Amino acid sequence: MEEVFGLRPAWEQLKFLWAELVLLTNGKKERWLVLFFEPSAGVIISYRLDRSGYLLSGRGWTLLRLLILPVLLFLRVLSCRHEICFKAEIGCGLRIMHPTLGAVVHGDAIIGRNCLLTGGNSIGSRKPIKRGDLIVGDDVQIGINACVLGPVVVGNRVGVGAGAMVVSDIPDDSIAIGEPARFKLKPL
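What comes next is a walk through the structure. Nothing here was measured: the structure is a model prediction, and the numbers come from that model.

Concerning helix 3 (residues 39-57)
Step number 1: When the terminal C-alpha atoms of helix 3 are compared, their 27 Å separation across 19 residues agrees well with the 27 Å that a helix rising 1.5 Å per residue should span.
Step number 2: Counting buried positions along helix 3 yields 15 of 19 residues, so the element is predominantly enclosed.
Step number 3: Remark: Gly 58 follows helix 3 within two positions and exhibits a positive phi of approximately 65 degrees.

Written out as structure tokens, the structure is:
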């Protein structure tokens, strides 16, 4: 998958951010008052702004980040522990339930829409990978302390159980449990 830089993709990240903040408020206006002190919001804001900057400036973003370091450090204070690389491509609807447990996403990961990370998750690699070797589909829920280690493809509508270690492909509509993870198709 080819990386696209420019104003449109950066703007799309900001639209994703808005949609994700609306999800976090759960339709309650009073939640907006405390939303920015919620760790989940901080992680998502940090990632989406970082990704927008990268899409606007490309390879130069690494140097430009030094100029806005105070802002990034402030976002880090609000956002708990996470290492979600700005090069990772994550679709709209990202939710992180317990960010204080940490979240790690490799820069070459491609993650679909409506991904739910429940905390302590790692989406990374076992060996050197390139973009497209680590794909997580749409509507995937990754349980607490579960890891997805590529190269691997996780299908759409997959549930990864708590503590699971996904090291092989998981088909659509499955539940992956164990270490290494084995899958079972979801009942209809």
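What about the pairing of strand 10 (residues 147-150)?
Step number 1: Residues Cys 147 and Leu 149 point to one face of strand 10 and Val 148 and Gly 150 to the other, with burial holding for every one of them.
Step number 2: Bridge analysis of strand 7 (residues 121-125) against strand 10 gives four bridges, and the strand direction is parallel. By the bridge assignment, Ser 125 is partnered in strand 10 with Gly 150.
Step number 3: Direction of pairing for strand 10 relative to strand 13 (residues 165-166): parallel, over a ladder of two bridges. Bridging across to strand 13, Val 148 finds its partner in Val 166.

Topic: the nonpolar core
Step number 1: Counting residues in each nonpolar core, the largest one holds 37 residues, and the members touching the most others are Ile 123, Val 148 and Val 166.
Step number 2: Counting only elements with at least two residues in this core, the list comes to helix 1 (7-25), helix 3, strand 4 (103-105), strand 5 (109-111), strand 8 (134-136) and strand 11 (152-154).
Step number 3: Looking at this core, the element that brings in the most residues is helix 3, giving five residues.
Step number 4: Among the nonpolar cores identified, the runner-up in size contains five residues, and Tyr 54, Leu 55, Trp 61 and Phe 86 belong to it.

Quick notes on the sheet that holds strand 8
Step number 1: In space, the four strands of this open sheet follow the order 2-5-8-11, with parallel pairing throughout. Taken across any chain shown, the strands that pair with only one partner, and hence form the sheet edges, are strand 2 (89-90) and strand 11.
Step number 2: Pairing analysis gives three bridges linking strand 5 to strand 8, with the strands arranged parallel. Bridge assignment links Ala 109 to a residue of strand 8, and that residue is Leu 134.

Focus: the pattern of salt bridges
Close approach of charged atoms allows side chains with opposite charge to pair.
Step number 1: This model, assessed by the stated rule, comprises six salt bridges.
Step number 2: Across the pair Arg 65 and Asp 50 runs a salt bridge, and its minimum N-O distance is 3.0 Å. On the criterion of sequence distance, the pair formed by Arg 65 in helix 4 (residues 61-67) and Asp 50 in helix 3 is long-range, its members being 15 residues apart.
Step number 3: Accessibility expressed as a relative area gives 7% for Asp 50, which makes it buried.
Step number 4: Between Asp 173 and Arg 157 there is a salt bridge, with its nearest N and O atoms 2.6 Å apart. Here the residue Asp 173 occupies a position in the loop between strand 13 and strand 14 (174-177), and Arg 157 occupies one in the loop between strand 11 and strand 12 (159-160), the gap between them amounting to 16 residues.

Examining the environment of Arg 95
Step number 1: Here Arg 95 lies in strand 3 (residues 95-96).
Step number 2: Arg 95 gets classed as partly exposed once you look at its relative accessible area, which sits at 31%.
Step number 3: Sequence separation between Arg 95 and Val 43 is 52 residues, and the spatial gap between their C-alpha atoms is 9.5 Å.
Step number 4: Beyond its immediate sequence surroundings of up to four residues, Arg 95 is in contact with Leu 23, Ile 44, Cys 115, Leu 116 and Leu 117.

Quick notes on helix 1
Step number 1: Between its terminal C-alpha atoms helix 1 stretches 27 Å, which fits the 27 Å expected from 19 residues at 1.5 Å a residue.
Step number 2: Those residues of helix 1 that sit buried are Pro 9, Ala 10, Gln 13, Phe 16, Leu 17, Glu 20, Leu 21, Leu 24 and Thr 25.
Step number 3: In this structure, the buried residues of helix 1 make contact with helix 2 (31-34), helix 3 and strand 2.
Step number 4: Just downstream of helix 1 lies Asn 26, where phi reads positive at about 55 degrees.

Let's talk about the sheet that holds strand 4
Step number 1: Ordered by their spatial adjacency, five strands build an open sheet running 1-4-7-10-13, and the pairing between neighbours is parallel. Edge strands, defined here as strands with exactly one partner in the open sheet, are strand 1 (83-84) and strand 13.

Scoring rules and cut-offs
Residues numbered from 1 in each chain as written. Predicted model: local features only at pLDDT ≥ 70, side-chain atom pairs only at ≥ 80, totals over all residues. Heavy atoms only, no water. Helix = DSSP H or I, 4+ residues; strand = E, 2+ residues; numbered from the N terminus. Expected span 1.5 Å × (residues − 1). Buried < 20%, exposed > 50% of the residue type's maximum accessible area, 1.4 Å probe, protein only. Pairing = 2+ DSSP bridges. Core = buried A, V, L, I, M, F, W, Y, C linked by side-chain atoms within 4.5 Å. Salt bridge = Lys/Arg side-chain N within 4 Å of Asp/Glu carboxyl O. Contact = heavy atoms within 4.5 Å.

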